[in-house]
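# What the coordinates show
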Amino acid sequence: MEYKTYDIYQDGNKTIVKHIKDFNLIHIFECGQCFRWRRENDGSYTGVVRDRVVNVGYDEKKLIITNSSVNDFIDLWYGYFDLDRNYSEIKRILSRKDSIMKKAIEFGYGIRLLRQDLWETLISFIISANNRIPMIMKVVASISKNFGREIFLDEKAYYTFPDAYSLADECVETLQTCQGGFRCKYIIGTSEMVKSGAIRLSDIYMVSTGEARNMLIKLPGVGPKVADCTLLYSGTKYDVFPTDVWVKRVMEELYFQRETSLKEIQEFARNYFGPLAGFAQQYLFYYARENRIGAG
């Protein structure tokens, strides 16, 4: 069958989607935006999204999703992989900005910004504070195993990410068995605020970027960078430019050639990249990390 610009067909428990471009699994899953996908020996990735566990492969513009129906693709994966967005046009616009951006896009040509669950993204990036990606993945996996629901693929157990109600009922000491360290008190505090209705995450979709950021910053463990990552990687707002000390060094090296401030970088990104700031940040972040730019 045809869906939008894609040809889709079912092959057993696999959904095959043809004519997908601007897409690379390594670029998507290892660019720092997600922590629930693990690479298999054959180059495919297995991950849990909401209450689904799938294996995803990609070859010659063909996406192969194991443990998925065509309806699953239409209802979930089409949006999750941001397949309704024209990344060729985004890359064309940003590449015309300057040679640095052009190189970054050529390097990470297959990046797509995932539309991840807002709650899971929020907690994942609270965990990310002063943490490395392998450890973030380990903590997220442990929280899911201890407090989520068990699901299966090929007789192997995987776990959904627990909701705010589940985590709010836990104590810090129990959560610390998941090795979240000082972040555990923030996770519990944030869960309690969401459970009580002190903040309604659904409201974030209906307000401006500035208002959404200010709402999130009220939560324990959420500063401007965590808020912006949450907004960007949940597919909620794309005009953000998540900036921490390392991104600051990268921008100083690539664009400013001098020491600057986080505020100046934010203003530069807002004015220079405009509504595509989030996409620009991700291309630059992946390019800089993989080439050790800004490493000191």
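Criteria and thresholds
- Residues numbered from 1 in each chain as written.
- Predicted model: local features only at pLDDT ≥ 70, side-chain atom pairs only at ≥ 80, totals over all residues.
- Heavy atoms only, no water.
- Helix = DSSP H or I, 4+ residues; strand = E, 2+ residues; numbered from the N terminus.
- Salt bridge = Lys/Arg side-chain N within 4 Å of Asp/Glu carboxyl O.
- Buried < 20%, exposed > 50% of the residue type's maximum accessible area, 1.4 Å probe, protein only.
- Phe/Tyr/Trp six-rings, centres within 6.5 Å; stacked < 30°, edge-to-face > 60°.
- Lys NZ or Arg CZ within 6 Å of the ring centre and 35° of its normal.
- Axes fitted to C-alpha atoms, helices over the stretch in contact; angles between N-to-C directions.
- Parallel < 35°, antiparallel > 145°, perpendicular 65-115°, else oblique.
- Contact = heavy atoms within 4.5 Å.
- Nonpolar A, V, L, I, M, F, W, Y, C, P; charged D, E, K, R; others polar.
- Core = buried A, V, L, I, M, F, W, Y, C linked by side-chain atoms within 4.5 Å.
- Expected span 1.5 Å × (residues − 1).
- Pairing = 2+ DSSP bridges.

So, about unusual backbone geometry. Phi is positive for D22, which is not a glycine, with a value near 50°. The phi angle at D82 is positive, at roughly 55°, despite the residue not being glycine. The residue D82 is located in the loop between helix 2 (70–80) and helix 3 (87–95) in this model.

Let us now look at the pattern of salt bridges. Counting across every chain of the model gives 16 salt bridges. Here R92 ties to E89 by a salt bridge, and the two come within 2.6 Å at their closest N and O atoms. Of the two residues, R92 and E89 both sit in helix 3, three residues apart, roughly one turn of that helix. The exposure class assigned to R92 is partly exposed, which follows from its relative accessible area of 39%. Between D228 and R213 there is a salt bridge, and its shortest N-O distance comes to 2.7 Å. Here D228, found in helix 11 (residues 224–233), pairs with R213, found in helix 10 (residues 209–217); they are 15 residues apart in sequence, far enough to count as distant.

Take the packing of aromatic side chains next. For any pair of aromatic rings, the description consists of the separation of the ring centres together with the inter-plane angle of the planes. One pass over the full model with this rule turns up 31 aromatic pairs. Ring geometry for F256 versus F268: centroids 5.4 Å apart, planes at 65°, classification edge-to-face. Linking F256 in helix 12 (residues 245–256) with F268 in helix 13 (residues 262–273), this pair joins segments that are 12 residues apart in sequence. Of the residues examined, F268 reaches a relative accessible area of 22% and is grouped as partly exposed. Members of the aromatic cluster, joined through ring pairs, are F23, F29, W37, Y45, Y58, W77, Y80 and F81. One Lys or Arg, R85, reaches over the ring of Y238 and ends 4.3 Å from the middle of that ring.

Here we come to the packing of helix 4 (residues 99–107) against helix 14 (residues 277–290). Geometry of a packed helix pair, given as the angle between the helix axes and the separation of the axes. Interaxial distance between helix 4 and helix 14 falls to 8 Å at its minimum, and their mutual angle equals 75°. Accordingly, the angle class assigned to the pair helix 4 and helix 14 is roughly perpendicular. Residue-level contacts link I100, M101, K103, A104, I105 and F107 of helix 4 to A280, Y283, L284, Y286, Y287 and E290 of helix 14. Its residues assigned to classes, the contact of helix 4 with helix 14 comprises 10 nonpolar, no polar and two charged.

Take the nonpolar core next. Residues L94, M101, I143 and F273 are the most contacted members of the largest nonpolar core, which totals 70 residues. Tallying contributions element by element places helix 14 first for this core, with nine residues. Every residue in contact with L94, bar those within four places of it in the chain, is listed here: M101, I105, F273, L276, F279, A280 and Y283. Listed in part, the 26 residues of the second largest apolar core include F29, C34, W77 and Y80.

Further remarks concern the environment of Y9. Relative to the elements of secondary structure, Y9 occurs in strand 2 (residues 6–11). Take Y9: its relative accessible area is 38%, and that puts it in the partly exposed class. Along the backbone, Y9 and S69 are 60 residues apart, and their C-alpha atoms lie at a distance of 8.9 Å. Filtering out sequence-adjacent residues up to four positions away, Y9 remains in contact with K14, T15, I16, K18, K62 and V70.

Moving on: the packing of helix 3 against helix 4. Here helix 3 crosses helix 4 at 150°, and the two axes come no closer than 8 Å. Between helix 3 and helix 4, the angle falls in the class roughly antiparallel. On the side of helix 3, the interface is formed by K91, L94 and S95, while helix 4 contributes M101, K102 and I105. A breakdown of the residues in the contact of helix 3 with helix 4 according to their chemical character gives three nonpolar, one polar and two charged.

The terminal C-alpha atoms of helix 6 (residues 133–147) lie 21 Å apart, and with 15 residues this matches the ideal 21 Å at 1.5 Å per residue to within 8%. All buried positions along helix 6 are accounted for by I136, M137, V139, V140, S142, I143, S144 and F147.

Here we take up the environment of K248. Along the chain, the position of K248 falls in helix 12. For K248, a relative accessible area of 16% puts it in the buried group. A C-alpha to C-alpha distance of 24 Å links K248 and L219, two positions 29 residues apart in sequence. The contacts of K248, once residues within four sequence positions are left out, are T243, E259, T260, S261, L262 and I265.

What follows concerns the sheet that holds strand 1 (residues 2–3). With respect to topology, seven strands assemble into an open sheet ordered 1-2-3-7-6-5-4, the strand pairing being antiparallel. In the strand order of this sheet, the two ends are held by strand 1 and strand 4 (37–39), each with one partner. In the sheet, strand 4 pairs with strand 5 (residues 45–49) via three bridges, with the strands oriented antiparallel. Bridge pairing links R39 to Y45 in strand 5. The sheet strands contacting helix 2 are strand 1, strand 2, strand 3 (14–18), strand 4, strand 5, strand 6 (52–59) and strand 7 (62–66), and the helix crosses strand 2 at an angle near 135°.

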